[in-house]
Amino acid sequence: MQSCVSRHRRAVLLPVSAAVVCVSALAGVPAFADDGGDASKLSARQLADDAKKELLDAKSLHVVLKNRSTGPADAQSPAVLDLALDRDGNCAGSLTMGTGGAKGGSVELIKRGGELWMKPDTTFWKTQVTGGAGELAARFYNGRYVHGNANDELLKAFGDTCDLTAFQAQVDSGPSGAPPEKLTKGKETKVDGTDVVPVSGRNNGGEVVLFITSKDPHRLVRATEKMGDLNTTMTLTDYNRPVPTATPSKDESVDVSKLQSLSPKATPPQAAAPDQAVR
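Residue numbers restart at each chain and count upward from 1, following the sequence in its written direction. Whole-chain, interface and lining totals are the exception, using all residues; otherwise, since this is a predicted model, local features are given only for residues with pLDDT of at least 70 and side-chain atom pairs are given and counted only at 80 or more. The side-chain figures draw on all heavy atoms in the structure; neither hydrogens nor water molecules are used.

## Details of the overall build of the protein
Step number 1: Secondary structure is summarised from DSSP: a helix means a run of H or I of at least four residues, a strand means a run of E of at least two, and numbering begins at the N terminus for each. Of regular secondary structure, the protein possesses seven helices and 13 strands.
Step number 2: Classification of residues uses two cut-offs on accessible area relative to the type maximum, computed with a 1.4 Å probe and protein chains only: under 20% is buried, over 50% is exposed, and between them is partly exposed. A burial count over the protein gives 47% of its 279 residues as buried.
Step number 3: Summing over all exposed atoms, the protein offers an accessible surface of approximately 13100 Å²; the carbon and sulfur share of this is 50%. Per-residue and other accessible areas follow the Shrake-Rupley method at a 1.4 Å probe size, with only the shown protein chains counted as cover for residues.

## Considering the side chain of Gln 168
Step number 1: Among the structural elements, Gln 168 can be located in helix 6 (residues 164-173).
Step number 2: Pairs of N or O atoms are called polar contacts if they sit within 3.5 Å, as long as, within protein, a hydrogen donor faces a hydrogen acceptor (for residues adjacent in sequence, only side-chain-to-side-chain pairs). A polar contact of 3.3 Å, which involves the side chain of Gln 168, links it to the backbone oxygen of Leu 56.
Step number 3: Here a residue-residue contact requires only that any non-hydrogen atoms of the pair lie within 4.5 Å. Residues within four places of Gln 168 in sequence aside, it is in contact with Leu 55, Leu 56, Asp 57, Ala 58 and Arg 87.

## A look at the packing of helix 2 (residues 44-57) against helix 6
Step number 1: Simply put, an axis is a line fit to the C-alpha atoms, just over the touching stretch for a helix, and the angle between two N-to-C directions goes from 0 to 180 degrees. Interaxial distance between helix 2 and helix 6 falls to 9 Å at its minimum, and their mutual angle equals 155 degrees. Between helix 2 and helix 6, the interaxial angle falls into the category roughly antiparallel. Here helix 2 runs over helix 6; the crossing is left-handed. Facing Lys 52, Leu 55, Leu 56 and Asp 57 of helix 2, the residues of helix 6 in contact are Phe 167, Gln 168, Val 171 and Asp 172.
Step number 2: Among the residues forming the contact of helix 2 with helix 6, the class breakdown is four nonpolar, one polar and three charged. Any angle from 65 to 115 degrees is called roughly perpendicular, while one under 35 is roughly parallel, one over 145 is roughly antiparallel, and all others are oblique. Left-handed describes a crossing whose near helix is turned anticlockwise from the far helix through less than a right angle; right-handed describes the clockwise counterpart. All residues other than Ala, Val, Leu, Ile, Met, Phe, Trp, Tyr, Cys, Pro, Asp, Glu, Lys and Arg, Gly among them, are scored as polar; the first ten of these are nonpolar and the last four charged.

## Focus: the packing of aromatic side chains
Step number 1: The pairing test for Phe, Tyr and Trp rings, Trp by its six-membered ring, is centres within 6.5 Å, and the orientation test on the planes gives stacked under 30 degrees, edge-to-face over 60, and tilted for anything in between. According to the stated counting rule, one finds two aromatic pairs in the structure shown.
Step number 2: Residues Phe 140 and Tyr 141 carry aromatic rings whose centres are separated by 5.1 Å and whose planes lie at 80 degrees to one another, so their mutual orientation is edge-to-face. Here Phe 140 matches Tyr 141 in class, with each residue buried.
Step number 3: Taken together, the ring pairs in this structure connect Trp 125, Phe 140 and Tyr 141 into an aromatic cluster.

Rendered as structure tokens:
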């Protein structure tokens with residue numbers, strides 16, 4: 001089971017990196033808001049400035065990142081990250097794997113304080129954990145949550161994804177490389193019923209479009225990034241809305257130490273049915 005740790009870490013952190021790329025046009029923009037007001041009177045740079053400040057000031061967010069990139073089928077590539085998260089490191093949501101038509105399964109994530117729960121579905125177990133251990137884990141957990149300290153080696157990557165402060169720091173500094181080229185302000189349109197102004201630019205050869213609310217406060221509600229076969233969309237909602245606080249019960253959870261001890265060569269007690277397994 002140890003061999004899957006680094007793979008999981010890369011898979012979970014990839015959506016975070018993609019989200020930062022989506023808002024790369026904000027990198028280099030000074031986070032000083034203007035006096036607000038009608039978006040029609042603001043330049044593309046001023047709108048981006050306002051949107052960056054609102055994003056960096058947010059105490060919590062709901063982020064949905066969708067990876068529609070074309071290319072070979074890859075069950076171990078993240079496709080959708082849907083997560084409510086805050087500056088205290090709490091989160092609730094899910095991660096779905098599989099691009100190019102591949103099905104990599106999904107995992108539910110809940111982090112509250114120093115505790116973390118993750119519930120992979122059967123497909124996730126079987127495609128993300130190889131060598132027979134995944135199938136064994138799917139049978140052992142049988143729809144229950146893996147629960148443990150968020151700093152546990154097998155859980156830490158998931159826990160790190162829940163850190164809004166770290167995400168904001170990356171947005172503030174931006175990805176490495178050249179700063180974004182000139183931003184262009186487009187015509188007002190709508191995103192999910194909200195009036196927005198598209199602000200577009202190019203960064204490292206990719207086309208980035210930021211959709212910023214027309215009304216004050218000017219907030220980023222969607223960002224898209226396209227370059228070659230890369231095609232990602234990030235949607236931001238629920239600025240400053242508290243993350244759901246519900247956590248799974250003990251009956252719904254199994255300690256992460258049980259996962260660490262699983263082996264494809266498990267003895268009969270290890271591979272016992274869930275109702276017979278030691279919790």
